[in-house]
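Given next are the chains, with one letter for each unit.
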Amino acid sequence: MRTFFPSESCKESQENALNPQSWLQVERGKLSKLSPCSSSSIESLIKVPEPPVLPFFRPVDYVEVLAQIHEELESCAAQERANLYLLQFQVFRGLGEVKLMGRSLRSAWQKSSTVHEKLVFRAWLKYEKKGEELLSDLLATCGKCEEEIGPIDVVSQLHADSSLKFNEHALMNADCNLKNVIFKIGDEKIFCDRKKISGLSAPFQAMLNGCFSESLCENIDFSENNISPLGFKAISEFSVTGSLIEVSPNVLLEILLFANKFCCERLKDECDRKLASLVSSLEDAVELMEFALEEKSPILAASCLQVFLQELPACLNDDRVVEIFSHADKQKRMIMVGAASFSLYCLLSEVSMNLDPQSNKTACLLERLVESAETNRQKMLAFHQLGCVRLLRKEYDEAEHLFEAALGAGHIYSVSGLARLGYIRGHRLWAYDKLSSVVSSINPLGWMYQERSLYCEGNKKYEDLDKATELDPTLTYPYMYRAASLMRRENVKAALAEINRILGFKLALECLELRFCFYLGLEDYGAALSDVQAILTLSPDYRMFEGRVAAYQLRTLVREHVGNWTTADCWMQLYERWSSVDDIGSLSVIYQMLESDAPKGVLYFRQSLLLLRLNCPEATMQSLQLARLHASTEHERLVYEGWILYDTGHCEEGLLKAEESIKINRSFEAFFLKAYALADSSQDPSCSVTVVSLLDDALKCPSDRLRKGQALNNLGSVYVDRGKLDLAADCYINALKIRHTRAHQGLARVHFLRNDKAAAYEEMTKLIEKAQNNASAYEKRSEYCDRELAKADLEIVTKLDPLRVYPYKYRAAGN
């Protein structure tokens, strides 16, 4: 879910909007000097909002649920697979596993058994891939097309029902002396073949060949049946040829109404298909969807649905479209989307929540999701999501009912919604007891202790927060609360250490914002500026102080209290922070440099390298795209295009871009990209010779120390793999001379391969001392020492970065 769901406690009216200039004067020297830990100044800046109740499917034992889904996928019927992959997607979304979410969504699309499922999951994939149009264009320039998720030919894929076949036997037995029949409409007469017209439907057969008076008439007045002469002529022709040729859309609509009235199923199907093939715009779809639903025309409805889904999210800003989706009853949903109603409303609800979780349309779409839910797990998700939205809208009675329904279906996480409602109503002890009963009855999870901490004070609160961090180190609220409390108690060092704990392994914007507030209260404007510039790098539109102030405004105000850096100063700062492995600080410097006259393509590229290290894939790709946009030359642009392709898994295409760039100009970055891509794409061990040659070529080209250090480090790694340790050591030593700090790790490996573990240990110690982010260095050093020292290093690794897996595996294997 892209939208942040704010908690009740952090929402305030716009009347109380913060005016940053009231506490941060822009004129230097006019800012009143505050005590570094003045409680009044700190209190005004530091507010930690309660964690929101997230609208996600969060099973207590996600491993068990994923295993169940996997087992069911192996034995279920083909038509059940897409829904199981959708459920798998929801589990991964609750875990925040973006790559696995994408894989599940693609599997749901690939395993769809109906046209309607294909429409929904195709649209969902397209929605998730918004902004990736450039990748398709780049692949096309390499002569390769990415797997297209193009429009579906609804008309050909939705097959006619077998019951529409004409009953020739019944007509052959019909006894009638009149071969022809004349239908009079107004002043016009339409001559028809009685037998052919009778074959259109049972009502016509009964009328023309049965016991009705019309069976004996040659002339029949049809003026009162809402059909024009032109329309009936087309019907007569269809009765003979079986097709409608050169009929205008308005006449088709007229014929469809007539076909429904007289149960002419084959005629209706032909009209349905003709009209469906004419839907090409949102306006067409809006006009025809209501008609399709009223006249029960599934092919036309599916065609209109496809147009709506192609226009997500924009179409949900059209009230007419929202009206169609929001007020479709069960019968209309069956016509519109067949058995894929739950999948459709899952998609629509997510898109609407991302646009505005508190809107009426979001609530209406989630109501339809609840109605569409069939299995128990679908009901858990639907009840819980609608409960979250009702809670945001302060519709507390409805929210309570929904959370209870979700909890009753087995979604334990919904107890957090019930507890929050109890607290809002003043039943704090009840909320605490509610969470306590859950904690004591099952194997508890971090979120349970975090939630319970909201309803107690003092030592109990800190015990719960500490337990929450122990069980789930990724929860940001416990770190933020502890850090804010320490700052209020004027324990500055401990407060910064606490918030730095999580920022050491998880770049959470809300934690950066809190640290910014700490620095602001301490009047450390340089550090505050660094954090707000890092925030703006990751999210240019980010709003701070509970969403009331744009981050860029705060940056402007703080900037006035920090001395100006020249371009040379910026480069020097960048080298300092890069060599000390201060990635957040480096991001800040690059943000500042982008305001200068320095070449922006190079800077955005450096930014992308940092963001990649910080595990921010979306921001990385945005920076690479900006680098391409601001490239000053053709050969530079080709390099950035190559990295875009490489980083999205298209190694060979990235290699082609590097070669194109080298043909224009032999540059460091082009040779470096080619070496990188070749090493990754070739399975031939002999390619290492070529990689060495390419890196040598790169090092002969002009570049800055930051990139040359990386090239020397990579060259050393290749030499190590080839067993040429002396050459590898030379590379690492030369890299260290230009302050490429990470080369210590490569040199340590050389020492180890020379059977000098002590030297390897010492080399990694140097890296630990220099690098601000050194969890990986401790982990690597643990390989070069005895068991007790290794255990101590791995304990530090877990403390610095609890998401690193190796220490847990090592300890588990040793017990």
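Use the structure listed above.
Residues numbered from 1 in each chain as written. Predicted model: local features only at pLDDT ≥ 70, side-chain atom pairs only at ≥ 80, totals over all residues. Heavy atoms only, no water.

**Q** Go over the overall build of the chain with me, naming the residues and quoting the values.
**A** Across its full length, the chain carries 45 helices and five strands. Oriented by its inertia axes, the alpha-carbon framework of the chain measures out at about 110 × 70 × 60 Å. Contacts spanning at least 24 positions in sequence make up 60% of the contacts within the chain whose residues lie at least 6 apart. The averaged location of the 113 negative side-chain charges in the chain is 4 Å from the averaged location of its 95 positive side-chain charges. (Helix = DSSP H or I, 4+ residues; strand = E, 2+ residues; numbered from the N terminus. Contact = heavy atoms within 4.5 Å. Lys, Arg positive; Asp, Glu negative; His and termini not counted. Charge placed at Lys NZ, Arg CZ, Asp CG, Glu CD.)

**Q** Could you give me a rundown of the pairing of strand β1 (residues 180-185), with the residues and numbers involved?
**A** Two strands pair when backbone bridges link them, and β1 and strand β2 (residues 188-193) are joined in this way by six bridges, in the antiparallel orientation. In the strand pairing of β2, Lys184 is matched with Lys189. Following β1, the chain reverses through two residues before pairing antiparallel with β2; Gly186 in that reversal takes a positive phi of roughly 65°. (Pairing = 2+ DSSP bridges.)

**Q** Lay out the packing of helix α28 (residues 509-521) against helix α29 (residues 525-538) in plain terms, naming residues and giving numbers.
**A** Where α28 meets α29, the axes come as close as 8 Å, and the angle between the chain directions of the two elements is 160°. Classified by the interaxial angle, the pair formed by α28 and α29 is roughly antiparallel. Where α28 crosses over α29, the two elements pack in a sense that is left-handed. Between α28 and α29, the residues in contact are Leu509, Leu512, Glu513, Arg515, Phe516, Tyr519 and Leu520 and Tyr525, Ala527, Ala528, Asp531, Val532, Ala534, Ile535 and Leu538, respectively. By residue class, the composition of the contact of α28 with α29 is 12 nonpolar, no polar and three charged. (Axes fitted to C-alpha atoms, helices over the stretch in contact; angles between N-to-C directions. Parallel < 35°, antiparallel > 145°, perpendicular 65-115°, else oblique. Left-handed = near helix turned anticlockwise from the far one by under 90°. Nonpolar A, V, L, I, M, F, W, Y, C, P; charged D, E, K, R; others polar.)

**Q** So what's going on with the layout of surface pockets? Which residues, and what values?
**A** In this model, the second largest pocket occupies a volume close to 600 Å³. Considering the residues around the second largest pocket, the lining is formed by 27 residues, among which Asn83, Phe342, Glu374, Thr375 and Gln378 are closest to the centre. If you list the elements that add at least two residues to the lining of the second largest pocket, you get α3 (81-95), α17 (330-337), α18 (341-355), α19 (360-372) and α20 (376-392). At five residues, α3 tops the list of elements feeding residues into the lining of the second largest pocket. Across the lining of the second largest pocket, the residue classes tally to 11 nonpolar, nine polar and seven charged. (1 Å grid on protein atoms, 1.4 Å probe; cavity = no way out; pocket = protein on both sides within 12 Å on 5 of 7 lines; lining within 4 Å. Points joined across faces, edges and corners; volume = space filled by probe spheres on them.)

**Q** Can you explain the sheet that holds strand β3 (residues 219-221)? Please cite residues and give values.
**A** Spatially, the three strands line up as an open sheet ordered β2-β1-β3, and their pairing is mixed. The open sheet has two edge strands with one neighbour each: β2 and β3. Strand-to-strand twist across the sheet, computed as the mean angle between neighbouring axes with direction ignored, equals 30°.

**Q** Lay out the packing of helix α4 (residues 98-110) against helix α5 (residues 115-128) in plain terms, naming residues and giving numbers.
**A** Running from N to C, α4 and α5 point in directions that differ by 150°, and their axes come no closer than 8 Å. Accordingly, the angle class assigned to the pair α4 and α5 is roughly antiparallel. Taken as a pair, α4 and α5 cross one another with a handedness that is left-handed. Contacts between α4 and α5 involve Leu105, Arg106, Ala108 and Trp109 from the former and Lys118, Phe121, Arg122, Trp124, Leu125 and Glu128 from the latter. In the contact of α4 with α5, the residues fall into six nonpolar, no polar and four charged.

**Q** Kindly report on the pattern of salt bridges, identifying the contributing residues and their values.
**A** The tally for this structure, following the rule as stated, stands at 42 salt bridges. Between Glu669 and Arg606 there is a salt bridge, and its shortest N-O distance comes to 3.8 Å. Taken together, the positions of Glu669 in helix α37 (residues 668-681) and Arg606 in helix α33 (residues 600-613) put the pair 63 residues apart, joining distant regions of the chain. One exposure class covers both Glu669 and Arg606, and it is buried. Note that Glu641 and Arg628 form a salt bridge whose closest N and O atoms lie 2.8 Å from each other. Of the two residues, Glu641 is situated in helix α35 (residues 634-647) and Arg628 in helix α34 (residues 617-629); the sequence distance between them amounts to 13 residues. Residue classification places Glu641 among the buried residues on the basis of a relative accessible area of 2%. Among the charged side chains, a network of salt bridges with common partners joins Arg333, Glu367, Arg368, Glu371, Arg390, Arg393 and Glu395. (Salt bridge = Lys/Arg side-chain N within 4 Å of Asp/Glu carboxyl O. Buried < 20%, exposed > 50% of the residue type's maximum accessible area, 1.4 Å probe, protein only.)

**Q** Pulling in residues and values, what's your account of the packing of aromatic side chains?
**A** As enumerated under the stated definition, the model contains 30 aromatic pairs in all. On the basis of an interplanar angle of 75° and a centroid distance of 5.0 Å, the ring pair of Phe183 and Phe222 is categorised as edge-to-face. Residue Phe183 is located in strand β1, and its partner Phe222 is located in the loop between β3 and α11 (229-241); the two are separated by 39 residues in the primary sequence. We classify Phe183 as buried; its relative accessible area is 0%. Looking at Phe222, the relative accessible area reads 3%, which means it is buried. Relative to Tyr676, the ring of Tyr646 lies with its centre 5.6 Å away and its plane at 90°, an arrangement referred to as edge-to-face. Note that Tyr646 is positioned in helix α35 and Tyr676 in helix α37, a separation of 30 residues in sequence. Taking the relative accessible area as the measure of exposure, Tyr676 reaches 32% and is therefore partly exposed. Positioned above the aromatic ring of Tyr479 is the side chain of Arg482, whose terminal nitrogen or guanidinium carbon lies 5.3 Å from the ring centre. It is Arg705 that lies over the ring of Tyr575; its NZ or CZ is 4.2 Å from the centre. (Phe/Tyr/Trp six-rings, centres within 6.5 Å; stacked < 30°, edge-to-face > 60°. Lys NZ or Arg CZ within 6 Å of the ring centre and 35° of its normal.)

**Q** Can you explain the environment of Lys361? Please cite residues and give values.
**A** Its location among the elements puts Lys361 in helix α19. Residue classification places Lys361 among the buried positions, given a relative accessible area of 17%. Separated by 180 residues in sequence, Lys361 and Asp541 have C-alpha atoms that sit 25 Å apart. Discounting chain neighbours no more than four positions away, the residues touching Lys361 are Leu316, Asn317, Val322, Ser352 and Leu355. Here Leu316 takes part through its backbone oxygen, which lies 2.7 Å from a polar atom of the side chain of Lys361. (Polar contact = N/O pair within 3.5 Å; in protein donor to acceptor, adjacent residues only side chain to side chain.)

**Q** Could you give me a rundown of the environment of Leu381, with the residues and numbers involved?
**A** Its place among the elements puts Leu381 in helix α20. Taking the relative accessible area as the measure of exposure, Leu381 reaches 4% and is therefore buried. Placed 222 residues apart in sequence, Leu381 and Leu603 show a C-alpha to C-alpha distance of 44 Å. Non-local contacts of Leu381, meaning those with residues more than four positions away in its chain, are made with Phe56, Phe57, Gln90, Phe342 and Cys346.

**Q** Could you give me a rundown of the state of the cysteines, with the residues and numbers involved?
**A** Under the defined criterion, the tally for this structure stands at zero disulfides. Unpaired in terms of disulfides, Cys731 finds its nearest cysteine sulfur in Cys701, a separation of 16 Å. Judged by its relative accessible area of 7%, Cys731 is buried. (Disulfide = S-S within 2.5 Å.)

**Q** Go over α19 with me, naming the residues and quoting the values.
**A** For α19, spanning 13 residues, the distance from its first C-alpha to its last is 19 Å, which sits close to the expected 18 Å at 1.5 Å a residue. Elements that come into contact with the buried residues of α19 comprise α16 (319-326), α17, α18 and α20. (Expected span 1.5 Å × (residues − 1).)

Distances and angles like these do not, on their own, reveal function.
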